Amino acid sequence: MSLWAIVPVKPLKNAKSRLSAVLSPEQRYELAGAMFRHVLSVLGAVPEVSGALVISRDTKALAIAREMGAKTIQESAISDLNPALMRATMILKSWRVDAVLILPADLPFVHADDIQALIELGRNRSIVIATDHNGDGTNALLARPPGLIQFDYGPGSYQRHIASAQGAGLAVMTYHSDRLASDIDVPADLERYRRMRSKGAFTHLPELSFACSGGLEALD
């Protein structure tokens, strides 16, 4: 049995625009690149993951992916996430892949144990979903077999994916992990970033300084 991961990547230079009030463009680029490399490294450390397929319109991101041993699909400038994910899924399905795992490129604290837990939960015909700290978005989605549901990413996607899977008569399981739930989208997330990085296990992530009412404050 084989499982492949699909990793969608936004253009790195435009990443994390909602952090523009507190991080410079250079900082956001560095952060996005570090998180992307971390996600690919984690996937590569899990024996049950046969490979990673990166989809992006960013040639730099695709080059990084190839350097790290991933397969790539270059999307057009007008490509939307949900159709792009379905196209990638259909490609993997044509390769006779048994399961797909959708994993965003901006999960700084995801660990190999999280990936293995998701895979274990999804051993049978099912959908396994991990959400964010707000219970709103979809931070990981495993489908066995591929193509069982249409992807519907965006605000509120967690509940929509659950409803879609239930409507298809599939078993639906939710995986809870503080590491996997920790994405970095808005300034309030940076405090969690600081706390997690200070534990010493995430030195692959850049130390950042961000603008606040008192000037620049280091996240260290």
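Residues numbered from 1 in each chain as written. Predicted model: local features only at pLDDT ≥ 70, side-chain atom pairs only at ≥ 80, totals over all residues. Heavy atoms only, no water.

Caption draft 1: Main features of the packing of helix α1 (residues 25-44) against helix α2 (residues 59-67). Interaxial distance between α1 and α2 falls to 10 Å at its minimum, and their mutual angle equals 30°. Crossing geometry of α1 relative to α2 is assigned as right-handed. Packed against α1, whose contacting residues are Tyr29, Phe36, Arg37 and Leu40, the element α2 presents Lys60, Ala61, Ile64, Ala65 and Glu67 at the interface. Looking at the contact of α1 with α2 residue by residue, the class counts come to 6 nonpolar, no polar and 3 charged. (Axes fitted to C-alpha atoms, helices over the stretch in contact; angles between N-to-C directions. Helix = DSSP H or I, 4+ residues; strand = E, 2+ residues; numbered from the N terminus. Left-handed = near helix turned anticlockwise from the far one by under 90°. Contact = heavy atoms within 4.5 Å. Nonpolar A, V, L, I, M, F, W, Y, C, P; charged D, E, K, R; others polar.)

Caption draft 2: Local environment of the pattern of salt bridges. The full count for this structure, using the stated rule, is 7 salt bridges. Notably, a salt bridge pairs aspartate 106 with lysine 16, separated by 2.5 Å at the nearest N-O pair. Here lysine 16 lies in the loop between β1 (3-8) and α1 and aspartate 106 lies in the loop between β4 (99-102) and α4 (112-121), a separation of 90 residues in the sequence. Assessed through its relative accessible area of 12%, lysine 16 is described here as buried. When the shortest N-O distance is used, the salt bridge between arginine 18 and aspartate 185 registers 3.9 Å. Pair noted here: arginine 18 is in the loop between β1 and α1 and aspartate 185 is in the loop between α6 (178-181) and α7 (189-198), with a separation of 167 residues, a long-range link. Residue arginine 18 is classed as exposed on the basis of its relative accessible area, which comes to 55%. One salt-bridge network, held together by shared partners, links Lys16, Arg18, Asp106 and Asp185. (Salt bridge = Lys/Arg side-chain N within 4 Å of Asp/Glu carboxyl O. Buried < 20%, exposed > 50% of the residue type's maximum accessible area, 1.4 Å probe, protein only.)

Caption draft 3: Molecular detail of the packing of aromatic side chains. As enumerated under the stated definition, the model contains 3 aromatic pairs in all. Taking 6.1 Å as the distance between ring centres and 50° as the angle between the ring planes, the aromatic pair formed by phenylalanine 109 and tyrosine 193 counts as tilted. Residue phenylalanine 109 is located in the loop between β4 and α4, and its partner tyrosine 193 is located in helix α7; the two are separated by 84 residues in the primary sequence. (Phe/Tyr/Trp six-rings, centres within 6.5 Å; stacked < 30°, edge-to-face > 60°.)

Caption draft 4: Broad picture of the sheet that holds strand β6 (residues 138-144). An order of β3-β2-β1-β4-β6-β5-β7 is seen for the 7 strands of this open sheet, with the pairing classed as mixed. The open sheet has two free edges, formed respectively by β3 (71-74) and β7 (171-174), since each of these has just one partner strand. The sheet shows a mean angle of 20° between the axes of neighbouring strands, taken without regard to direction. One ladder, built from 6 bridges, connects strand β5 (residues 126-131) with β6; its direction is antiparallel. Its bridge partner lying in β6, threonine 131 is registered against threonine 138. Its contacts with the sheet put α4 on β1, β2 (49-56), β4, β5, β6 and β7, and the angle it makes with β6 is roughly 40°. (Pairing = 2+ DSSP bridges.)

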